[in-house]
Amino acid sequence: MQWETVIGLEVHVQLATQSKIFSGASTAFGAEPNTQACAVDLGLPGVLPVLNEGAVAMAVQFGLAIDAEIPETSLFERKNYFYPDLPKGYQTSQMAQPIIGKGEVELVLDETERKTVRIHHAHLEEDAGKSLHEDFHGMSGIDLNRAGTPLLEIVSEPDMRSAREAVAYIRAIHAIVTYLGISDGNMAEGSMRCDVNVSVRPKGQEAFGTRAEIKNVNSFRFVERAIEFEVERQIELIEDGGKVVQETRLYDPDLDETRSMRTKEEANDYRYFPCPDLLPIMLDSAYIEHQRTTLPELPTEKRNRFESDLGLSAYDAGVLSATRPTAEYFEAVLAVCGDAKQAANWVQGELSAHLNRENIDIKNSPVTPEQLGGLISRVLDDTINGKAAKQVFAALWNNDGQSADEIIDAQGLKQVTDTGAIEAMIDQVIADNPVQVAQYREADEAKRGKMIGFFVGQVMKASRGTANPQQVNGVLKQKLDEA
Amino acid sequence: MAIEHADVLRAAHLARLGLKDDAEAHGYVDDLTHILEMVDRLQAVDTEGVAPLSHPLDATQRLRPDEVTESNQRETFQACAPATTEGLYLVPRVVE
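All chains use their own residue numbering, which begins from 1 and follows the written sequence. All chains are assigned letters beginning with A, and all ligands numbers beginning with 1, in the order in which they are written. Residue-level local features of this predicted model are given only where pLDDT is at least 70; pairs of side-chain atoms are given and counted only at 80 or more, and the full residue set underlies all totals for whole chains, interfaces and linings.

**Describing the overall build of chain A**
Okay, step 1: Looking only at helices and strands, one finds 16 helices and 16 strands in chain A.
Okay, step 2: The size measure is the radius of gyration over C-alpha atoms, and the globule rule it meets is 2.2 Å times the number of residues to the 0.38 power. In terms of overall size, chain A is more extended than a compact globule, its C-alpha atoms giving a radius of gyration of 31 Å where 483 residues would be expected to give roughly 23 Å.
Okay, step 3: Each residue is classed by its C-beta neighbour count within 10 Å, where at least 20 other C-beta atoms makes it buried, 12 or fewer makes it exposed, and intermediate counts make it partly exposed; the C-beta atoms are placed from backbone geometry. Looking at chain A residue by residue over its 483 residues, the buried ones come to 39%.
Okay, step 4: We call two residues in contact if the C-beta atoms placed from their backbones are at most 7 Å apart. A sequence separation of at least 24 residues applies to 69% of the contacts in chain A between residues at least 6 apart. Secondary structure elements follow DSSP: runs of H or I no shorter than four residues count as helices, runs of E no shorter than two count as strands, and numbering proceeds from the N terminus.

Pasting the structure below:
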């Protein structure tokens, strides 16, 4: 039987606010345990939450970026459950009236294939603390620094049909939130976490199969692997006459498998109700329009513009728009040198190779876009040849802030294009190598093509690499052939 | 809507309330049944086209600027915790 996979995702994005969603405690990562958990975060008696405007603004910006409905009124509710890292006994969240309504995200699957995934809604909520299960004298340790950190939970419709589409979706969300600057998108530090809903159905069947929810997957690769494992498990189960049960599963990257979390005796009943401590959030159109003015150019717009206006290939446009720092670097280089194709080649070629080799983020590149743009300009106006350009790049990488022009001058790399000077060097090489010249002149055309390389090499050496190789080639051929 | 003994036990479990005995649970069955009877009477009101009231005050949420205003008061807060170590609150072991 042919099976079809159906996937929906819930992505929790940690918002990049300075302070928590309902308190003035810091959200900085990596602090000593419980040094950033204030009375509100601890749920001490008598405290009241006050909503952070920064978190509201970020949620609205996301809504605008996915062209979503943004209702005038939204509401916080209490999701009730007991766990030691949830001090209040409930998580303040949204359900019936989330801050962001229906929207859509465009996925780029490859250079020609795109797909639209519908967003069901996105809502604001607070994160819980962290439980440490190492043995503290038979007890568990609780760190509440993370309690109250603002999260935007983005819930998709079950529109994805393969692990590949699911990964493309998460990449698209990652690109949007990092372009907007509303999250650092750092999956390793937990700034983006996914719950993946997976089911299978016979191809052509309308009704969805029973789904399993895989909790807390925290890397692009794990999302792909978890889905692949889970799909295979469900198909095998059904084909062997079994039934998929609706349950929560965990992905274990070490064993590369999903497994059932302890099934609770009864289903969760969170008993949501409106939080009496928080009033409804009202967003008027003036506020929303103001947020719209703060939006940067978004990844899909940028990608399209790189292709259509700058004439880059779909592949180049995709790579260069993948992250905001890369796109900004590329555009800064382009602003200096004016040639998109060259700027694209240098950023993806020499620069990327150096950054990868030393594992440096483009944001911290030792070569600034201004320096690289300056270097490319000198290639474009034929001041230096390609070989010298690589030499200049290496010097820019290792030096402290000299411009390409300063390096070209200091190292005498300026390309010699003066015909007289080149002819003189060629005459000298011909005079110094009578044997090779004689062999060349006896050879047929096909062999000469190969043999001329020797002479070009000698001339380039004599010029210390500064001669223009095309020019040398032309003049040499003329002089060798004429006798 | 009728409430039954099992509903009371389940609600008590969800809220982590310890009921003394069955007699107490039966007491709650009666109390809650009265409350629900009152709710049933409210159902008679025509609420067609009326938005649900989420808050009795006719006011909207005030927002605070995104600034860190709280400093570290761990020592004060942990002074009243039953058990701590290395800055962590200690609780009976939780098994995933």
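**Here's the deal with the overall build of chain B**
Okay, step 1: Helix and strand counts for chain B stand at 3 helices and 3 strands.
Okay, step 2: Computed over its C-alpha atoms, the radius of gyration of chain B comes to 22 Å, more than 25% above the 12 Å expected for a compact globule of 96 residues.
Okay, step 3: Oriented by its inertia axes, the alpha-carbon framework of chain B measures out at about 55 × 45 × 25 Å.
Okay, step 4: Per-residue burial over chain B gives 5% buried out of 96 residues.

**Quick word on the packing of helix α2 (residues 53-65) of chain A against helix α5 (residues 285-293) of chain A**
Residues and elements named next belong to chain A.
Okay, step 1: Running from amino to carboxyl end, α2 crosses α5 at an angle of 75°, the nearest separation of the two axes being 9 Å. Relative to α5, the element α2 is oriented roughly perpendicular. The segment α2 lies against α5, with Ala57, Val60, Gln61 and Leu64 engaging Ile288, Gln291 and Arg292. To obtain an axis, a line is fitted to C-alpha atoms, over the contacting stretch when the element is a helix, and the angle between two such axes runs from 0 to 180 degrees between their N-to-C directions. Angles below 35 degrees are treated as roughly parallel, those above 145 as roughly antiparallel, those between 65 and 115 as roughly perpendicular, and all remaining angles as oblique.

**A word on the pairing of strand β1 (residues 3-14) of chain A**
All names here are of chain A.
Okay, step 1: With 11 bridges connecting them, β1 and strand β11 (residues 192-202) associate as antiparallel partners. By the bridge assignment for β11, valine 11 is matched with cysteine 194.
Okay, step 2: Whether two strands pair depends on DSSP finding at least two bridges between them. Sheet topology note: the β1/strand β10 (residues 150-156) ladder contains 5 bridges and is antiparallel. Following the sheet pairing, valine 11 is matched in β10 by isoleucine 154.

**As for the interface of chain B and chain A**
Size of an interface, as often reported, equals the accessible area lost when the parts are brought together.
Okay, step 1: Each partner contributes to the interface: chain B provides 33 residues, whereas chain A provides 40 residues.
Okay, step 2: Elements that contribute at least two residues to the side of chain B that touches chain A include exactly β1 (63-64), α3 (74-78) and β3 (88-92) of chain B.
Okay, step 3: In the side of chain B that touches chain A, the residues fall into 14 nonpolar, 9 polar and 10 charged.
Okay, step 4: By the bridge criterion, 2 bridges tie strand β2 (residues 51-52) of chain A to β1(B) in an arrangement that is parallel. Within β1(B), the position partnered with Asn52(A) by the bridge is Arg64(B). Gly is put with the polar residues, along with every residue not named as nonpolar or charged; the nonpolar set is Ala, Val, Leu, Ile, Met, Phe, Trp, Tyr, Cys and Pro, and the charged set is Asp, Glu, Lys and Arg.

**Here's the deal with helix α11 (residues 386-398) of chain A**
Residue and element names in this part refer to chain A.
Okay, step 1: Compared with an ideal rise of 1.5 Å per residue, which puts 13 residues at 18 Å, α11 spans 19 Å between its outermost C-alpha atoms and is within 8% of the ideal.
Okay, step 2: Taken together, the buried positions of α11 are occupied by Ala388, Ala389, Val392, Phe393 and Leu396. All buried residues of α11 lie within an arc of 145° about the axis, which places them on one face of the element.
Okay, step 3: Lining the buried residues of α11 we find α9 (340-357), α10 (369-380) and α12 (404-411). How far a helix is expected to stretch is found by multiplying one less than its residue total by 1.5 Å. What the arc describes is the spread of directions from the helix axis to the C-beta atoms.

**Thoughts on the packing of helix α3 (residues 163-180) of chain A against helix α4 (residues 220-239) of chain A**
Between two packed helices, both the angle of their axes relative to each other and the distance between the axes serve to describe the pair.
Residue and element names in this part refer to chain A.
Okay, step 1: In contact at an axis separation of 9 Å, α3 and α4 are set at 155° when each is read in the N-to-C sense. By the angle class used here, α3 and α4 are roughly antiparallel. Considering the relative orientation of α3 and α4, their crossing is right-handed. Mapping the contact onto sequence places Ala163, Ala166, Val167, Ile170 and Arg171 in α3 and Phe220, Val223, Glu224, Ile227 and Glu228 in α4. The sense of a crossing depends on the near helix, which, turned anticlockwise from the far helix by less than a right angle, makes the crossing left-handed and, turned clockwise, makes it right-handed.

**A look at the sheet that holds strand β4 (residues 77-80) of chain A**
Residue and element names in this part refer to chain A.
Okay, step 1: Read across the sheet, 3 strands follow the order β5-β4-β15 without closing on themselves; strand pairing throughout is antiparallel. Looking along the sheet, the strands with just one partner apiece sit at the ends: β5 (90-93) and β15 (273-274).
Okay, step 2: Sheet topology note: the β4/β5 ladder contains 4 bridges and is antiparallel. Opposite asparagine 80, over in β5, you have tyrosine 90 as the bridge partner.

**Considerations on unusual backbone geometry**
Most peptide bonds adopt trans geometry, and most residues besides glycine take a negative phi value.
Okay, step 1: Within the chain, Asn34(A) stands out as a residue other than glycine whose phi angle is a positive 65°.
Okay, step 2: With respect to the helices, strands and loops of the structure, Asn34(A) is situated in the loop between β1 and α1 (39-42).

**Concerning the domain arrangement of chain A**
Okay, step 1: Residue ranges for the domains originate in an automatic or database domain assignment. Under the domain assignment, chain A is made up of domain 1 (3-288), domain 2 (307-411) and domain 3 (419-482).
Okay, step 2: For domain 2 of chain A versus domain 3 of chain A, the separation of C-alpha centres amounts to 33 Å.

**Brief notes about the sheet that holds β10(A)**
Residues and elements named next belong to chain A.
Okay, step 1: Strands sit in the order β6-β7-β10-β1-β11-β12-β13-β14 across an open sheet of 8 strands; the sheet is mixed. Looking along the sheet, the strands with just one partner apiece sit at the ends: β6 (103-108) and β14 (257-260). Mean inter-strand twist for the sheet, computed between neighbouring axes without regard to direction, equals 30°.
Okay, step 2: Sheet topology note: the β6/strand β7 (residues 114-126) ladder contains 6 bridges and is antiparallel. Of the residues in β7, the one forming a bridge with glycine 103 is isoleucine 119.

**Some details on α9(A)**
All names here are of chain A.
Okay, step 1: The terminal C-alpha atoms of α9, which comprises 18 residues, lie 25 Å apart, in line with the 26 Å expected from a rise of 1.5 Å per residue.
Okay, step 2: To get the bend at a residue, fit one axis to the 7 residues ending there and another to the 7 starting there, then take the angle between the axes. At leucine 351, α9 shows its maximal kink, close to 40°.
Okay, step 3: Of the surrounding elements, those touching the buried residues of α9 are α7 (314-321), α8 (324-337) and α10.
Okay, step 4: Asparagine 359 sits one or two residues past α9 and shows a positive phi near 55°.

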